[in-house]
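# Survey of secondary and tertiary structure
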Amino acid sequence: MTMEQDKRRYPRLSTTGGEYGVRFRTKDADILDANLANLSAGGCGLEVQLHEAAHLDVGDAIEFLVLDHPDLPFVPLTATILRMLGKVAGKTTGYVLIGVEFQDITPFVRELIAGHVTAELARE
């Protein structure tokens with residue numbers, strides 16, 4: 001186990017290239033074509049086109065975040081941006097990786113996500 005994994009409260013599943021979709025609303029826009037990079041019961045990683053993430057910063061609220069996968073709860077979640085990777089001066093194209101932490105998630109929904117992550121990790 002790496003030091004970073006040791007700090008995490010929940011196991012994390014890489015979802016890049018899988019059947020996972022995600023969409024969400026921010027203070028200024030609806031983002032409909034983001035990619036879900038990873039998922040845990042505590043939050044997720046979002047790959048967002050740089051031009052769509054230009055107005056976002058660490059600490060911003062994410063509203064109506066919906067995980068689009070048949071084995072995950074289809075409920076709107078709220079989250080807070082904890083980190084952003086790839087948003088640097090001079091960069092004008094590509095993706096930004098946004099790490100978010102779920103807020104006000106019910107224990108039931110958190111457990112459904114945790115169960116899905118655990119099951120998928122066991123398949124790997």
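See the structure above.
Position numbers for residues count from 1 along each chain, tracking the sequence in the order it is written. Restriction of local features to residues with pLDDT of at least 70 applies here, the model being predicted, together with a cutoff of 80 or more for giving and counting side-chain atom pairs; totals for whole chains, interfaces and linings are based on all residues. Hydrogens are left out, water is left out, and the side-chain values use all remaining heavy atoms of the structure.

## Describing the overall build of the protein
Under the convention used in this document: Helical segments are the DSSP runs of H or I of at least four residues, strand segments are the runs of E of at least two, and each set is numbered from the N terminus. Radius of gyration here is computed from C-alpha atoms only, and the compact-globule reference equals 2.2 Å multiplied by the residue count raised to the power 0.38. Only protein chains enter the accessibility calculation, which uses a 1.4 Å probe. A residue is then buried if its area is under 20% of the maximum for its type, exposed if over 50%, and partly exposed in between. In what follows, a contact means two residues having at least one pair of non-hydrogen atoms within 4.5 Å. The method behind every accessible area is Shrake-Rupley, applied with a 1.4 Å probe, and residues are considered shielded solely by the protein chains displayed. Working convention for charge: Lys and Arg count positive, Asp and Glu count negative, and His plus the chain ends are omitted. To locate a charge, the coordinates of NZ of Lys, CZ of Arg, CG of Asp or CD of Glu are taken.
A count of helices and strands for the protein gives three helices and seven strands. Starting at the N terminus and walking to the C terminus, you meet the elements of the protein as α-β-β-β-β-α-β-β-β-α. A compact globule built from 124 residues would reach a C-alpha radius of gyration of about 14 Å, and the protein, at 14 Å, matches this within 12%. In terms of overall dimensions, the protein has a C-alpha envelope of 40 × 30 × 25 Å along the principal axes. Burial analysis of the protein (124 residues in total) assigns 40% to the buried set. A fraction of 63% describes how many contacts in the protein between residues 6 or more apart in sequence connect residues 24 or more apart. Accessible area of the protein: about 7,300 Å², with a carbon and sulfur share of 53%. When the 12 basic and 18 acidic side-chain charges of the protein are each reduced to a single mean position, those positions are 5 Å apart.

## With respect to the pairing of strand S7 (residues 95-103)
Counted only if it meets this: Two strands pair if DSSP finds at least two bridges between them.
Sheet topology places strand S4 (residues 43-49) next to S7; seven bridges connect them, and they run antiparallel. Paired with Gly43 across the bridge in S7 is Glu101. Sheet analysis places strand S6 (residues 77-85) next to S7, joined by seven bridges and oriented antiparallel. Note that in S7 the partner of Arg83 across the bridge is Gly99.

## Re the nonpolar core
Quick note on the threshold: Definition used in this section: a nonpolar core is a set of buried Ala, Val, Leu, Ile, Met, Phe, Trp, Tyr and Cys residues joined via side-chain atoms within 4.5 Å.
Core analysis: the largest hydrophobic core is formed by 30 residues, its most contacted members being Leu46, Leu65, Leu67, Ile98, Phe102 and Ile113. For this core, the secondary structure elements donating two or more residues are strand S2 (21-25), strand S3 (30-40), S4, helix H2 (50-53), strand S5 (61-68), S6, S7 and helix H3 (107-123). The contact partners of Ile113, leaving out residues within four places of it in the chain, are Leu39, Ser40, Ala41, Leu67, Leu72, Pro73, Leu77, Phe102 and Ile105.

## Focus: H3
Formally: The span one expects for a helix is its residue count, reduced by one, times 1.5 Å. Working note: the arc is built from the helix axis to C-beta atom directions.
When the terminal C-alpha atoms of H3 are compared, their 24 Å separation across 17 residues agrees well with the 24 Å that a helix rising 1.5 Å per residue should span. Along H3, the positions that sit buried rather than exposed are Val109, Arg110, Ile113, Ala114, His116, Val117 and Glu120. Here the buried residues of H3 occupy an arc of 160° about the axis, which is enough to place them on one side. Along H3, exposed side chains directed more than 90 degrees from the buried face belong to Pro107, Phe108, Glu111, Ala122 and Arg123.

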